[in-house]
Each structure stands twice: as C-alpha cells, then as structure tokens.
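# Inside the fold
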Amino acid sequence: MSSAIKTVEQPAMRRTSLFLRRPNLIIGGAIIAILVIIAFVSLFWTPMPPGKMQIIHKLKPPLAQGLLGTDHFGRDVLSMLMAGAWNSLSIATVAVAFGASLGTLLGVTAAALRGVFEAVAMRANDVIFAFPPILSAMMLGALLGTGRFTAIIAIAVFMVPVFSRVTVSAASQVWARDYVLAARGAGKGGVLITVEHILPNIANQIIVQVTIQLGLAILTEAGLSFLGLGMAPPAPTWGRMLADAQTYLATAPWLAILPGLAIALTVFGFNMLGDGLRDLLDPREKGRT
Amino acid sequence: MIVLLLRRLSSLLLTLLAVSALIFIVMDVLPGDPAAIMLGTSASPDTLAALRHELGLDQPLIIRYALWLGGVVKGDLGNSYTYGVPVAGLIAERLAVTLPLALFAIVLSVAIAIPLGVASAARRNSAVDYAAAFVSQLFIAVPGFWVGLLLVLVFSVSLGWMPSGGFPGWHSGFGPSLGALLLPAIALALPQAGVLTRVTRSAVLEVLNDDFVRTARAKGLPRRAALWCHAVPNALVPVVTILGLQFTFLIAGAVLVENVFNLPGLGRLAFQALTQRDIIVMQDVVLFFAALVIIMNFIVDLSYLYLDPRLRGRSR
C-alpha cells in the first residue's frame, strides 16, 4: 500500500533516476531489444544463408569455420541461430497475442456478466489448463500436421486460461470501485464501462503478464521443435538444433550448448523485463513473484 | 466441511468428464483409420470392414465415447493398436518410470528451493538474496531438456560417471534404477526450483512482517527459531499452491526429459503413440496426464484446508 502511494507521489521529473534504479528493466529490455533486432536483421542478412549445406566444412568448431562453427551438414551455426531467433520470437509473439486477446476478452466479459457465464468460463479454463501445451501440440500435431500453425495454436490455447484468470480477478476488483458505480449510475452499459474504465485500469497487469508469458512461450516452442512438433525442416529452430545436436554430443559439443544459451538468454530477458515492468507499472504487486 | 468436500468432489468429476469428452472428440476428428494402420496397405476392404466392426469403429460417436468411458471407469483402457496389449498395462509399466522421476524431481526442487528461498528472505537485500535471485532467474530461464543435454555432456560424455540414458528396470535393483533417474530428475527439478525459490522468498517475507512473528521474537525466541518454527510453516500455503500448479509444467517437462534420456516413461509412450498414430494409447495417456493435473489441483485445494484451518469454516 505504502509503495503505491510513494510511486504516485514521485514527480515525473525523476523518471530517469527511477529507470536507473531498476536494473531488471534495463537488463531485460536490452536483451530483448538486441534479440528483436537480430531477428529482424536475419530476415535480410545472415553471414551465410542459414540453410546452405557445405558438407566439406561439417562439424567445424567455433572460429574454425564462421564465428560459431558449423553443424553436421556444414551449415553456419550463427546464421541458423539468427534465423532461429526470428522463428522463435515470431511464433511466441503471435501465440501470446492470440492467447492474450482471447483470454482478456473472456476475462473482462466474465467479470462484466458474472453469474452463469463466469462459472462456465472458469470451468472451461480448468479443463483447458489441464492440458500441458506439449500434450495439446501432440494431439493437434496428429490432427493438423506439425508446423508453425500447430505450434502457435497449441501455445495460444494454453495462454487463454492464463490470461482470462488474471483479467477476471483484476477486472472484478475494478468493477467494485466507486467510479464504476458512478459510471453505471450515469447510465453507461457494460461494454462502455469495460472499454472506458476496466481495460485501462487492468492494462498494466496484462502488459506484465504478456511479457512473462512470452518467456514461457519461447520455452514451449523450443520444447515443441525439440520433439519435432514445431516448424518443419529446413527452417532452423533452436529446439531442433538441440535435437540434432544430441547425435554429436561427443564430437561437437558447441552444437548442444549454443542454441540452449540462446533460449535461456531470451527467456531470462523476458522474465527480467516482466519483473521490471511489474515493479514500474503495478506497484501493488511489488515483491511478489 | 463435508458439504464443502462434496461440492469440490462433484466439480472435480464434472471437470474430468469434460476433459474426457474433449479428448475423445479431438482424437475422433484425427485423420487416419486405426484399422487401416493395423492391417497395412494391402488389406482388402472386407477385412478392413470386419476389423472396424470388431474394434467398434463403425458405431456412432456417442456410443463409442460411452463404451470408452465405461471401460476407463472399470480400468479397461482398451488394447493398443500397435502393441496389441492392454493400454492399462502399458500405462502402469511406464508409470513405474515417470512417477518416481516426477517425485524425485519434486523432492530435489523442494530441497533446493526452501533453504534458498528462506535464506534469501531472512537476509533481504544482502549478497545472499541477490545471488539467490539471480540463480532462480537462471533456473527458470533454462529449458529442462537442455539442462539434460548438458548433464549428459558433462557427466556421461566427458567424465563417464553416469549412463547417458536408458533405464535398467526396477527388477535390476533399486540403486542402478535410481542412478538412471538422477540426471533426468535434476534436469526436471531445476526450472521448478527456480519458481519455488521465488515463491518461498516472497511468502516468507510477507509472513515475517506479521504480528505473530514479532510476538515470537518479543517472547525472546531466537531469530532462527522464530523463522523456522513460526514464519516458514505459515508461509507454506502459497508454496504448496505453486507446487501443485507447477505440476502441469512438470509433466510437460517429463515428456521432453524422457526423450533426452531415452527413459521408457509415459511421455515417451505418448510420443511414440503419436508417431505410430496409435490413437487409443494417445487418448488414454492424454486423459491420464490431464486427470493427474486436475486431481493434483484438487489435492492442493484440499491441502489448504489442512494447512490453513481458517479456511475450513468458509465455503467458497
């Protein structure tokens, strides 16, 4: 409570020092910014074409051939990692965007309508939540075939209950506020109140949740492509690079280390950014996990 | 109390029913005729029709669902299309690997997380706290299956201390079996430990400010005793909650880690069933996993009542 008051009282002039006192935000933001830039750059330029095989240069260690070495087909590891960044980030972003939109819509609707709709929606959430994304992806993979689309759907489906749970509890709290009562007294309907009062007041919590879920989505996408349930080859993904590396653990350990570092760094970045954003945007939750 | 229990139980059953219906419908829309898969491409249409009839595949959806569910309730999960053995037996056999693996991982993660979380809460903003925060962030960020790969790289490939995978089976003795599960359990435990450490830290911090801890200190109880006897037990509720909720991720992690270490567990069974289009096995394993998650959440709900007697009077 006290921290909430403090944050409000701080004048806008002190913004810069506020940012400097939040290493999480800076470190996380920097990591993600760099990764996003790399991902976009990979669309136009990579040291080598990521799919180009040069069997004579296969399994070369870092610096012996290219900056980070080559894989069992002689493909340039750095180029594959760069292209993998785009594949991972784009799948995670689209999946979280779908899940967050649908989940938020479900959550604010449940908070506005309450009653039977809320009960049914929350029960449906329990049902969906019982399927780990890996399992849904296996079922969907058998149904739709594996690929980018399946990975996105499997991750997005799991995100829906996550976001609707967060929004329903946050939105219900806002609905109990006096200014919402006043808005109702003024004759505003549920849709208008949700757009004008509820959504702006829960936006911060949703933003924080989006950041954290992006990290989780990256992990899940990596797991899916590790199992061969992600994007189809030859599109390079960090998960499949790890799966391929298993065969060459003894001869080419860097193949097993580098993609994992990329995944861990991305998830670390999103989590730090999420923590920093939570401290900044949602002071009530400060100190919580 | 009993009314509360009955209400929770009925909602549990309803959720399970919905989950089973969802799985059945999704799997039914799957392309691929199980009869055609069993007989291969050279089968005549007549044989195919006969087998479809024998498997009950020519019946309407609702009847097949009822038959499947009725079987599940009686413990008859049907026969695997590819292995030709009862699925219940297959699951039991694979569960003997996955369940000990999951339990091992939970024990390891709690053994790491509780001391780390409590230490970091007790010395807030100290070097210990910052180190623990960094370590837990790191644990959360690393994919379990990658940790598995690195462990194999270090302990099997480089040092040669540990097998790189496989499972000798419990019949070959407790020691070797547990040894085969050690690296996978570590790989599975680290991400969980990261999450749990953070939850433990914030839960203990919250409780440390409570009046009863201050009273305990005022009574002359040493800091350590006040911490472990009063603060920690009261901070356990959120820790148990997260432990239960993380179960979903533990199962997802097990599917991956079992594939890294070639463990003949349930996750590998599901994966093999997927590649072989063994729909009945897939259906049963997914139902089993989903039911496990739901029952776990139910147990977490009940454990609140045990851990926090104040909740017993309330019916939510």
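Residue positions are given per chain, counted from 1 along the sequence in the order it is written. Whichever chain is written first becomes A and whichever ligand is written first becomes 1, with later ones labelled in order. Reporting in this predicted model follows two pLDDT cut-offs: at least 70 for local features of residues, and 80 or more for side-chain atom pairs to be given and counted; totals over whole chains, interfaces and linings ignore these cut-offs and use all residues.

## Focus: the overall build of chain A
Secondary structure elements are defined from DSSP: runs of H or I of at least 4 residues count as helices, runs of E of at least 2 residues count as strands, and each element is numbered from the N terminus. If you tally the helices and strands in chain A, you get 11 helices and zero strands. Starting at the N terminus and ending at the C terminus, chain A contains elements arranged as α-α-α-α-α-α-α-α-α-α-α. Here chain A, with 289 residues, has 49% of them falling under the buried criterion. The burial criterion counts other C-beta atoms lying within 10 Å of a residue's C-beta, which is placed from the backbone; the residue is buried at 20 or more, exposed at 12 or fewer, and partly exposed between these limits.

## Comments concerning the packing of helix H10 (residues 238–245) of chain A against helix H11 (residues 254–281) of chain A
Residues and elements named next belong to chain A. For helices, the axis comes from a line fit to the C-alpha atoms of the stretch in contact; other axes are also lines fit to C-alpha atoms, and the angle between any two N-to-C directions lies between 0 and 180 degrees. Packing of H10 against H11 leaves a shortest axis separation of 8 Å and a crossing angle of 155°. Of the possible angle classes, the one that applies to H10 and H11 is roughly antiparallel. Of the two elements, H10 crosses H11, and the hand of that crossing is left-handed. Two secondary-structure elements touch here, H10 through Trp238, Met241, Leu242 and Ala245 and H11 through Leu255, Ala256, Pro259, Gly260, Ala262 and Ile263. Oblique is the label for any angle not under 35 degrees, not over 145, and not in the 65 to 115 range, which are roughly parallel, roughly antiparallel and roughly perpendicular in turn. Take the far helix as the reference: if the near one is turned anticlockwise from it by less than a right angle, the crossing is left-handed, and if turned clockwise, right-handed. Any pair of residues counts as being in contact when their C-beta atoms, constructed from backbone geometry, are within 7 Å of one another.

## Brief notes about the interface of chain A and chain B
Facing the 36 residues of chain A at the interface are 41 residues of chain B. Taken together, the elements giving at least two residues each to the side of chain A that touches chain B come down to helix H5 (115–129), helix H6 (133–144), helix H9 (190–226) and H11 of chain A. Lys, Arg, Asp and Glu make up the charged group, whereas Ala, Val, Leu, Ile, Met, Phe, Trp, Tyr, Cys and Pro make up the nonpolar group; the residues left over, Gly among them, are polar. Of the residues in the side of chain A that touches chain B, the class split is 26 nonpolar, seven polar and three charged.

## Focus: the environment of B:Leu243
Here B:Leu243 lies in helix H10 (residues 223–245). In this structure, the C-alpha to C-alpha distance between B:Leu243 and B:Gln192, residues 51 residues apart in sequence, is 8.2 Å.

## Examining the environment of A:Leu219
One can find A:Leu219 in helix H9. Classification of A:Leu219 as buried rests on a count of 31 C-beta atoms within 10 Å. With sequence-adjacent residues up to four places away left out, A:Leu219 is seen in contact with A:Ile263, A:Val267 and B:Pro143.

## Some words on the nonpolar core
One finds A:Met159, B:Ala270, B:Val285 and B:Val286 to be the most contacted residues of the largest nonpolar core, which totals 170 residues. Other than its neighbours up to four places away in sequence, B:Ala270 contacts A:Leu135, A:Met138, B:Val255, B:Met282, B:Val285 and B:Val286. For the purposes of this analysis, a nonpolar core is taken to be any set of buried Ala, Val, Leu, Ile, Met, Phe, Trp, Tyr and Cys residues that are connected through C-beta atoms within 7 Å.

## Quick look at unusual backbone geometry
All names here are of chain B. Unlike most non-glycine residues, asparagine 125 shows phi in positive territory, near 65°. As for its placement among the helices and strands, asparagine 125 is situated in the loop between helix H5 (87–122) and helix H6 (127–141). You will see that asparagine 262, though not glycine, has its phi angle at about 50°, which is positive. Relative to the elements of secondary structure, asparagine 262 occurs in the loop between helix H11 (247–260) and helix H12 (266–275).

## Brief notes about the confidence of the model for chain A
Residues and elements named next belong to chain A. What pLDDT conveys is the predictor's confidence in a given residue, as a value from 0 to 100. Averaged over chain A, the pLDDT score is 83; the fraction of residues at 70 or greater is 90%. Per-residue pLDDT, averaged within each element of chain A, yields its smallest value for helix H1 (residues 2–9) (46) and its largest for helix H4 (residues 77–113) (92). With pLDDT under 50 throughout, residues 1–10 is counted as low confidence; its partners more than four residues away or in other chains account for six contacts.

## Here we look at helix H7 (residues 144–158) of chain B
In an α-helix there are 3.6 residues to a turn, and that puts residues three or four apart on one side. Taking 1.5 Å per residue, 15 residues should reach 21 Å; H7(B) reaches 20 Å between its end C-alpha atoms and fits that length. For a residue, the bend is simply the angle between two axes, fitted respectively to the seven-residue segment ending there and the seven-residue segment starting there. Maximum bend of H7(B): about 30°, positioned at B:Val152. Taken as a whole, H7(B) has its buried residues at B:Gly144, B:Phe145, B:Trp146, B:Val147, B:Gly148, B:Leu149, B:Leu151 and B:Val152. Tucked inside the fold, the buried residues of H7(B) contact H9, H10 and H11 of chain A together with helix H8 (174–208) and H11 of chain B. Two residues or fewer after H7(B) comes B:Gly160, characterised by a positive phi angle close to 70°. Helix span is expected to be 1.5 Å times the residue number reduced by one.

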